[in-house]
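Next come the chains, spelled out residue by residue.
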Amino acid sequence: FLMSNTSSRQFLEDESTGLVPLLSSQNLLAAPLNTSVGMGGGHAGILQACKDAFDCRADVIVTVGGGAIQDAGKFVRLWLSSSPSDEECTLENLLKISPDDSSKLPPQISIPNSFALAEASHV
C-alpha cells in the first residue's frame, strides 16, 4: 500500500522513473497511490487511508513524504494490526488501539523527502 503527499505524485507516477509503475510491473501494488493525507495530517485523510489499506488487504505500507505521511503510515499499520472486520475506521476506534503487540504490525517502508525524523520514530 503506497502512500504519499500530493506533491510527490508526479514523481511517483512518472512512467520511466516512478515507483508506481515499477511496483505495478512486479505485481507488488494492490491499490492505487493513496494521497488522502494532506499536509499536517488531518484525521479525515488518515481515516480514508486506513479504509483503503484495509479494503485492499495491504500487508506492507510504503510511505513517501514528510512527517505527516510517515506518521499517518503508522496509524494505518495500527488499524490493520487491530484485525478490524466490518468495524468502520473512525477516529474513536483508531484511538482505542493499543500498540502493545508490535509483532502484529505490518512492516512500513519509509522514504522521506525531507528531514523530519518521523521516519525514525517507531510504533
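Bear in mind that the values here come from a model prediction, so they are computed numbers and not experimental data. (Residues numbered from 1 in each chain as written. Predicted model: local features only at pLDDT ≥ 70, side-chain atom pairs only at ≥ 80, totals over all residues. Heavy atoms only, no water.)

1. Section: the sheet that holds strand β1 (residues 2–4)
Here is step 1: On the basis of which strands lie adjacent, the open sheet formed by three strands has the order β1-β2-β3 and parallel pairing. The sheet is open, and its two borders are formed by β1 and β3 (108–112), each paired with just one other strand. Pairwise comparison of adjacent strand axes, ignoring direction, gives a mean angle of 15° for this sheet.
Here is step 2: As paired elements, β1 and strand β2 (residues 61–65) share three bridges and run parallel to each other. Directly across from Ser 4, in β2, lies its bridge partner Val 64. (Pairing = 2+ DSSP bridges. Helix = DSSP H or I, 4+ residues; strand = E, 2+ residues; numbered from the N terminus. Axes fitted to C-alpha atoms, helices over the stretch in contact; angles between N-to-C directions.)

2. Regarding helix α4 (residues 67–81)
Here is step 1: In this model, α4 (15 residues) spans 21 Å end to end at C-alpha, consistent with the 21 Å of a helix rising 1.5 Å per residue.
Here is step 2: In terms of burial, α4 is largely enclosed, as 11 of its 15 residues are buried.
Here is step 3: Those residues of α4 lying buried are Ile 69, Gln 70, Ala 72, Gly 73, Lys 74, Val 76, Arg 77, Leu 78, Trp 79, Leu 80 and Ser 81. (Expected span 1.5 Å × (residues − 1). Buried < 20%, exposed > 50% of the residue type's maximum accessible area, 1.4 Å probe, protein only.)

3. Notes on the layout of surface pockets
Here is step 1: Approximately 180 Å³ is the volume attributed to the largest pocket.
Here is step 2: The wall of the largest pocket is formed by Phe 1, Leu 2, Leu 23, Leu 28, Leu 29, Ala 30, Arg 57, Ala 58, Asp 59, Val 60, Val 62 and Ile 109.
Here is step 3: Among the residues making up the lining of the largest pocket, the classes are represented as 10 nonpolar, no polar and two charged. (1 Å grid on protein atoms, 1.4 Å probe; cavity = no way out; pocket = protein on both sides within 12 Å on 5 of 7 lines; lining within 4 Å. Points joined across faces, edges and corners; volume = space filled by probe spheres on them. Nonpolar A, V, L, I, M, F, W, Y, C, P; charged D, E, K, R; others polar.)

4. Focus: the confidence of the model for the chain
A low pLDDT means the predicted coordinates there should not be read in detail.
Here is step 1: Summary statistics for the chain give a mean pLDDT of 83 and a share of 86% for residues scoring 70 or more.
Here is step 2: Considering each helix and strand of the chain separately, the mean pLDDT is smallest for helix α5 (residues 91–95), with a value of 75, and largest for β1, with 94. (pLDDT = per-residue confidence, 0-100.)

5. Observations concerning the pattern of salt bridges
Here is step 1: If you walk through the whole model with that rule in mind, you get three salt bridges.
Here is step 2: Its salt-bridge partner being Arg 9, residue Glu 13 comes within 3.3 Å of it at the nearest N-O pair.
Here is step 3: Residue class for Glu 13 comes out partly exposed when judged on its relative accessible area of 33%.
Here is step 4: Of the residues examined, Arg 9 reaches a relative accessible area of 29% and is grouped as partly exposed.
Here is step 5: A salt bridge links Asp 71 to Lys 74; the shortest N-O distance between them is 2.9 Å. In this pair, Asp 71 and Lys 74 are both assigned in helix α4, three residues apart and thus about one turn of the helix distant. (Salt bridge = Lys/Arg side-chain N within 4 Å of Asp/Glu carboxyl O.)

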